[in-house]
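Residue-level structure breakdown
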Amino acid sequence: TAPLRACKEAIRTIDLLKPQVYIACGTGWNLVLPPILSRHRCHKVFHEVMSGEPASFRDSRWAVRYGFDEVVAQASAVGDRFAATFGWPGDITVLPAVPQQLSVQPPSNWVRHRVPLGSMRAAVFGRLVPHKRTLWLVQQWPELSGCLGELHIYGDGPELPAIREWVASQQLADRVFTH
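To start, this report covers the structure provided alongside it. (Residues numbered from 1 in each chain as written. Predicted model: local features only at pLDDT ≥ 70, side-chain atom pairs only at ≥ 80, totals over all residues. Heavy atoms only, no water.)

The number of helices and strands found in the protein chain is seven helices and seven strands. Starting at the N terminus, the α and β elements of the protein chain follow one another as α-β-α-β-α-β-α-β-β-α-α-β-α-β. Looking at the protein chain residue by residue over its 179 residues, the buried ones come to 39%. Within the protein chain, contacts between residues separated by at least 24 positions form 62% of all contacts whose residues are at least 6 apart in sequence. In the form shown here, the protein chain has an accessible surface area of approximately 10100 Å², with 57% of it arising from carbon and sulfur atoms. (Helix = DSSP H or I, 4+ residues; strand = E, 2+ residues; numbered from the N terminus. Buried < 20%, exposed > 50% of the residue type's maximum accessible area, 1.4 Å probe, protein only. Contact = heavy atoms within 4.5 Å. Areas by Shrake-Rupley, 256 points an atom, 1.4 Å probe, with all protein chains shown as cover.)

What follows is the structure in structure tokens.
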């Protein structure tokens, strides 16, 4: 089936790309299972931006506790609810959802000390739609390039042409890749 094929392709991509950090934000099984099933081991972060409550017993967030290293939530209440509902055993970092733009500086306790600055390879998997802000992320390259060596974007959607156009205009095709 198509979802199984997409999951297998994501696993192959992770094994090939070998990211140092995998950040998941969403509830799709094709987002949560690939880094867990991949042969490549990296630091896995799940960002809970929903309510912290399960949609059903088939909710993919049940698997987070079995394969992710860290959970980040948009609010303390969401993090507390996520931990209680899904059985997350560790601490949850809160990155508050605020109306103003958040700083692109990673928190000091992130894994940046484990990978030489400027050599980290990161990837975004998902629909490229405005509310997920992938174009905004790409436009932060001047600040991100101090930490990242490469940014790979896997997905399709209405933002893809604008992302490709911005990458070309900034002559970043050797550092920011769309797949």
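Having seen it, we continue.
The subject of this paragraph is the side chain of H152. With respect to the helices and strands, the residue H152 is situated in strand 6 (residues 148-154). According to the relative accessible area criterion, H152 is buried, its value standing at 7%. Looking at H152, its side chain comes within polar contact range of the side chain of H179, at 2.8 Å. Not counting residues within four places of it along the chain, the set of residues in contact with H152 comprises L17, R121, A122, A123, V124, F177 and H179. (Polar contact = N/O pair within 3.5 Å; in protein donor to acceptor, adjacent residues only side chain to side chain.)

On to the environment of R12. As for its position among the elements, R12 is in helix 1 (residues 2-17). There is a polar contact of 2.9 Å between the side chain of R12 and the side chain of E9.

Let's shift gears to the sheet that holds strand 7 (residues 176-178). Here we have three strands laid out as an open sheet, ordered 5-6-7, and parallel in their pairing. Strands at the two margins of the open sheet, each flanked by one partner only, are strand 5 (120-125) and strand 7. The mean angle between the axes of side-by-side strands here comes to 15°, regardless of whether they run parallel or antiparallel. (Pairing = 2+ DSSP bridges. Axes fitted to C-alpha atoms, helices over the stretch in contact; angles between N-to-C directions.)

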